[in-house]
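# Observations on the model geometry
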Amino acid sequence: MEGVDHLAHERNKAQFDVAVMKAVWAGSRDAYELFHRFSRLVANDPEMFIPAIKAQATEEQQKQWLPLANKMKIIGSYTQTELGHGSNVRGLETTATFDPKTDEFVLNSPTLTATKWWPGGLGKIATHALAHARLIIDDKDYGVHGFLVQLRSLDDHLTLPGITIGDIGMKYGSGAYNTMDNGSLIFDHVRIPRNQMLMRLSQVTREGKYVPSNVPRQLSYGTMVYVRQKIVFDASIALSRAVCISTRYSAVRRQFGSHNGSPETQVIDYKTQQARLFPLLASAYAIRFVSEWLNSFYKDLLQRLEAKDFSTLPEAHACTAGLKSITTSVAADGIEECRKLCGGHGYLTSSGLPELSAVYIPACTYEGDNVVMLLQVARYLMKTISQLKSGNKPVGTTAYLGRAEQLMQYHSDVLRAEDWLKPNVVVEAFEARAARMSMACAQNLSKFNNPEDGFQELSADLVEAATAHCQLIIVSKFIEKLQQDIPGKGVKEQLGVLRSIYALFLLHKHIGDFLSTDCITPKQGYLANEQLRSLYSQVRPNAIALVDAFNYTDHFLSSVLGRYDGNVYPKLYEEAWKDPLNDTSIPDGFHEYVQPMLKQPLHHGRL
Ligand SMILES: CCCCC/C=C\C/C=C\C/C=C\C/C=C\CCCC(=O)SCCNC(=O)CCNC(=O)[C@H](O)C(C)(C)COP(=O)(O)OP(=O)(O)OC[C@H]1O[C@@H](n2cnc3c(N)ncnc32)[C@H](O)[C@@H]1OP(=O)(O)O
Ligand SMILES: Cc1cc2nc3c(=O)[nH]c(=O)nc-3n(C[C@H](O)[C@H](O)[C@H](O)COP(=O)(O)OP(=O)(O)OC[C@H]3O[C@@H](n4cnc5c(N)ncnc54)[C@H](O)[C@@H]3O)c2cc1C
């Protein structure tokens, strides 16, 4: 019935202050501004064009271009990827050749594979591109740099001479990503003034002299680092949306278990449902907290860069690349799991889950393919280990590698299931697993004469070691979050349950790593799983309140299964009748195509 809260009985079970949990989830205000930018972003993506100008343009260039971009007087596209290269930025083929006679750069797409391909906004709407091209001066190739190129007239929006632009066509399913005009672009000797090369990091003088950057060349990749840390926050939004829908529906849905006319069992009470759903609930909170930490780490990096302090740049790259990879994979797989947790109705568009999945899953690819990103983390870990011998003391997220020798001797001292609730016990196990996996890779790498051959040969193991490292970061940041002062009845306790679920679920899922590295015994692994089951029972009465704390409106969730009031069946039915197919009883085409078949005379009893 309208106006009745069908989940009130669930909400009354909450053992914590939901208002406080809402505040803990919301975290810093800018997270929500970001979210609203994200919802605009899928329709357009000036959000990369502007950060890129800030990162790569001189003050003077920023003064010229930022006001135009901020006021949408020009619409920009971050135009880096090509038909033939996306991951390998240093392999991009578009050229920007300096012409000293006219003090211009000539942009050209020398091959088909040099066609710019995928940039958001490029297909129909962008008037300007921040195009990444190989700087060529006197036939010398100086590598990839950024250039501002006008693509379309600001009067009639027609493409300018030498510019061929198109949309790259429909993408995965009918998802909302098809509202994004990812485009293609071919340059045919397009001339731009020299001052439209972004020259904050390196310059080209009027005489055509190349002035190399006096800061790490990787700063030119700064926008990607910025977006990757944003994407981690985005993963917490996407996963929490799906978890909210599937948790509420799991409390509404009843199937089997009726005795003597009693109501059937709520599917949320099945242990298998809990074992699939509650780790995702815990992961949503874990990703949110690690995104908060990463954002503050990134802001600290920016301050350091202002002071020409590049000391945390390598770690920032490794953390943004690795956490982007891990969290988008967890979120994408989690959204699909949430669809399955809703049974048949999860496959309806009106559940909101197919659309969420279709829009979200490219996050595993854009801003860096997830495997390529983990390989970057692996490079960083191997480099960190190689420097141990020279006495280099790792700090920050690799500090545990400074204790590698000790961790190589580690054996968990867990005796009882509840020992796994102790944060230090969990962190030690995760540190030992990550350290041993990385040390084993380093050990194997040392057997190769050519380190690059070794890296390629061992890349699958290296990806697993990088994954273990990133999972350790997320577990550690969840633990650190709970060391903060968090008010509110039962809030910290509930978050503690989620923290333990997150960690022990990972331990159970990756039990092979923990056993093969001899960090824990099979018995200790068994106790962890025992503890996990007990934790699910502790979350159960709070599940609805924990997803209410995401504070999502029904409009935002756009899901009949995830409605706040749990009034699912009438709304499912109502939603179905909105389908145009139900405007008529007899479907189009029946009389032309189906009825003649039905009317065919029977021959000897056969059609
Ligand atoms: C924008 C969002 C704003 C807010 C919006 C709201 C919410 C946001 C949420 C989500 C966003 C939503 C939607 C976004 C939608 C679409 C956006 C997608 C747009 C794109 O999709 S846009 C193209 C992205 N396309 C890539 O993502 C290419 C990936 N490919 C690379 O990134 C490089 O190709 C790499 C790194 C693989 C190899 O690069 P390479 O060959 O040059 O380097 P190499 O491996 O040789 O390493 C040499 C030394 O450089 C260091 N190093 C490398 N990279 C560094 C970095 N970034 N910072 C610092 N150091 C770095 C290494 O660690 C090493 O260090 P060392 O020497 O010490 O070992
Ligand atoms: C929805 C969407 C929006 C996008 N928006 C933009 C945008 O606005 N601007 C822009 O410039 N680009 C954009 N892109 C492009 C995106 O950044 C690239 O697709 C992404 O970086 C992956 O590169 P790729 O396509 O070359 O993948 P590839 O690298 O070709 O990946 C193919 C396979 O090769 C593997 N692989 C590649 N290299 C290695 C290696 N060294 N070792 C092991 N395995 C490897 C990968 O893991 C993957 O399995 C967008 C893409 C999508 C899907």
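Residues numbered from 1 in each chain as written. Chains lettered and ligands numbered in written order. Predicted model: local features only at pLDDT ≥ 70, side-chain atom pairs only at ≥ 80, totals over all residues. Heavy atoms only, no water.

Per an unreviewed UniProt entry, the protein goes by the name Acyl-coenzyme A oxidase and belongs to Lupinus angustifolius. The protein has a UniProt comment under Cofactor (unreviewed entry) that states "FAD". Note on the protein: under the UniProt heading Sequence similarities (unreviewed entry), the record states "Belongs to the acyl-CoA oxidase family." (UniProt positions renumbered as here; feature names shortened; annotations may be inferred.)

Quick look at the site of ligand 2 now. In the vicinity of ligand 2, 20 residues are found, and the nearest of them are Tyr 78, Thr 81, Ser 87, Gly 120 and Asp 369. With respect to ligand 2, the side chain of Thr 81 contributes an N or O atom lying 2.8 Å from a nitrogen atom. One nitrogen or oxygen atom from the main chain of Gly 120 is found 2.9 Å from an oxygen atom belonging to ligand 2. When isolated, ligand 2 has an accessible area of 970 Å², and the protein chains bury 64% of it. By residue number, the principal contributor to the shell around ligand 2 is helix α10 (residues 370-386), which donates three residues. (Near = heavy atom within 4 Å. Polar contact = N/O pair within 3.5 Å; in protein donor to acceptor, adjacent residues only side chain to side chain. Areas by Shrake-Rupley, 256 points an atom, 1.4 Å probe, with all protein chains shown as cover. Helix = DSSP H or I, 4+ residues; strand = E, 2+ residues; numbered from the N terminus.)

Bringing the confidence of the model for the protein into the picture now. Looking at the protein as a whole, its pLDDT mean stands at 94, while 96% of the residues score no less than 70. Scored below 50 in pLDDT, residues 29-35 shows 14 contacts in the model against residues more than four places distant or in partner chains. Here residues 37-45 is a poorly scored stretch, pLDDT under 50, and it has 22 contacts once near neighbours within four places are set aside; other chains count. (pLDDT = per-residue confidence, 0-100. Contact = heavy atoms within 4.5 Å.)

This paragraph deals with the site of ligand 1. The full set close to ligand 1 counts 34 residues, and Ser 87, Arg 90, Gln 218, Tyr 221 and Lys 383 are the nearest of them. Within the backbone of Gly 368, one N or O atom sits 3.1 Å away from an oxygen atom of ligand 1. Here Gln 376 contributes a side-chain N or O atom positioned 2.9 Å from an oxygen atom of ligand 1. At the level of elements, α3 (30-41), α4 (46-56), α6 (222-252), α8 (313-341) and α10 are the ones that each hand at least two residues to the shell around ligand 1. For the shell around ligand 1, the element with the most residues is α6, which contributes eight residues. Considered class by class, the residues forming the shell around ligand 1 number 17 nonpolar, eight polar and nine charged. A domain split of the shell around ligand 1 shows at least three residues from each of domain 1 (74-215) and domain 2 (222-546). (Nonpolar A, V, L, I, M, F, W, Y, C, P; charged D, E, K, R; others polar. Domains from an automatic or database assignment.)

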